Amino acid sequence: MTFAVIKTGGKQYKVAANDVVKIEKIAGEPGDVVTFDQVLLVGEGDNVTVGAPLVSGALVAGQFIATEKERTVIILKKERRQHYDRRNGHRQRLSTVRITEILTGGAKPTTKVDEIAKARHEKRIAALAATTASVTEAPKAAAKPAARKAAPKATAEAPAAGAKAPAKKAAAKKAAAETTEAADKPAKKPAAKKAATKGASAADKE
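Residues numbered from 1 in each chain as written. Predicted model: local features only at pLDDT ≥ 70, side-chain atom pairs only at ≥ 80, totals over all residues. Heavy atoms only, no water.

(A) Structural detail: the nonpolar core. With 18 residues, the main nonpolar core has Phe 36 and Val 60 as its most contacted residues. Residue contacts for Phe 36: discarding those within four places in its chain leaves Ile 6, Thr 8, Ile 23, Ile 26, Leu 59, Val 60, Val 97 and Ile 99. (Core = buried A, V, L, I, M, F, W, Y, C linked by side-chain atoms within 4.5 Å. Buried < 20%, exposed > 50% of the residue type's maximum accessible area, 1.4 Å probe, protein only. Contact = heavy atoms within 4.5 Å.)

(B) Focus on the environment of Val 5. In this structure, Val 5 sits in strand β1 (residues 2-8). In sequence terms Val 5 and Val 50 are 45 residues apart; their C-alpha atoms lie 9.5 Å from each other. Ignoring any residue separated from it by four or fewer positions in sequence, one finds Val 5 in contact with Gln 12, Tyr 13, Lys 14, Gln 38, Val 39, Leu 40 and Leu 41. (Helix = DSSP H or I, 4+ residues; strand = E, 2+ residues; numbered from the N terminus.)

(C) Spotlight on the sheet that holds β1. Pairing in this open sheet of 4 strands is antiparallel, and the strands run β2-β1-β5-β6 from one edge to the other. Because the sheet does not close on itself, it has two edges, and the strands there are β2 (11-16) and β6 (47-50). For this sheet, the mean angle separating the axes of adjacent strands, direction not counted, is 15 degrees. (Pairing = 2+ DSSP bridges. Axes fitted to C-alpha atoms, helices over the stretch in contact; angles between N-to-C directions.)

(D) Structural detail: the side chain of Glu 24. Relative to the helices and strands, Glu 24 resides in strand β3 (residues 20-24). Here Glu 24 falls in the buried class, since its relative accessible area comes to 16%. Within the structure, Glu 24 has its side chain in polar contact with the side chain of Gln 92 (distance 2.9 Å). (Polar contact = N/O pair within 3.5 Å; in protein donor to acceptor, adjacent residues only side chain to side chain.)

(E) Region of the structure containing the pattern of salt bridges. Enumeration according to the criterion identifies 4 salt bridges in this entry. In this structure, Lys 11 engages Glu 24 in a salt bridge whose closest nitrogen and oxygen atoms are separated by 2.8 Å. Here Glu 24 lies in strand β3 and Lys 11 lies in strand β2, a separation of 13 residues in the sequence. In this structure, a network of salt bridges that share partners links the residues Glu 29, Asp 32 and Lys 118. (Salt bridge = Lys/Arg side-chain N within 4 Å of Asp/Glu carboxyl O.)

(F) Quick look at the pairing of β1. A large share of β1 lies buried, amounting to 5 of its 7 residues. Direction of pairing for β1 relative to strand β5 (residues 39-44): antiparallel, over a ladder of 5 bridges. Looking across to β5, one finds that Ala 4 is bridged to Val 42. Here β1 runs beside β2; their pairing, made up of 6 bridges, is antiparallel. Note on β2: the bridge partner recorded for Ala 4 is Val 15.

(G) Summary view of unusual backbone geometry. Going from Ala 52 to Pro 53, the amide bond is cis rather than trans, its omega being 0 degrees. With respect to the element layout, Pro 53 can be found in the loop between β6 and β7 (59-69). Backbone geometry at Asn 18 places phi at a positive 70 degrees, although glycine is not the residue there. By the element assignment, Asn 18 lies in the loop between β2 and β3.

So this is what it looks like as structure tokens:
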């Protein structure tokens, strides 16, 4: 059985044909053909070829399945009696790949694109786009009645334009109040009395 050791994402993986491995995230869509040219070792039974550092002409091909998030890993940092406690979570993205063939001597891969997986992925993306479009259009439809309700506000503002009439009434009331206050004030009769007393005193002196 032929096996190989490949390097990707800064890590090494031992793979063989028909193996399904999870590696660090790589670019691709379901059904695409992916190749790994960093082959460190190729072996078949007792015959093992070790690269220095890579095996010349060696290539590993596979089919891209999906990229998913792994389970959450809790990162906890704590120092006793120091009021220091930090808790974080991390979800690593890993790509799943099915190894199809291990090639040596500069041979080219014969793996073909999986059209079924690719069509399934495109259908899933189209359905997701349709749902997001419906969700975004729903608030817009709800906002239209609000615009219609804005029309009565213009009619309500019409009396505000004609608010001058109450202002005139208030001015008339103020004028009436001032006249009543002037009427309630006593006449300056004492001044007249003083004039009379002055005339009487002048007659007495004569």
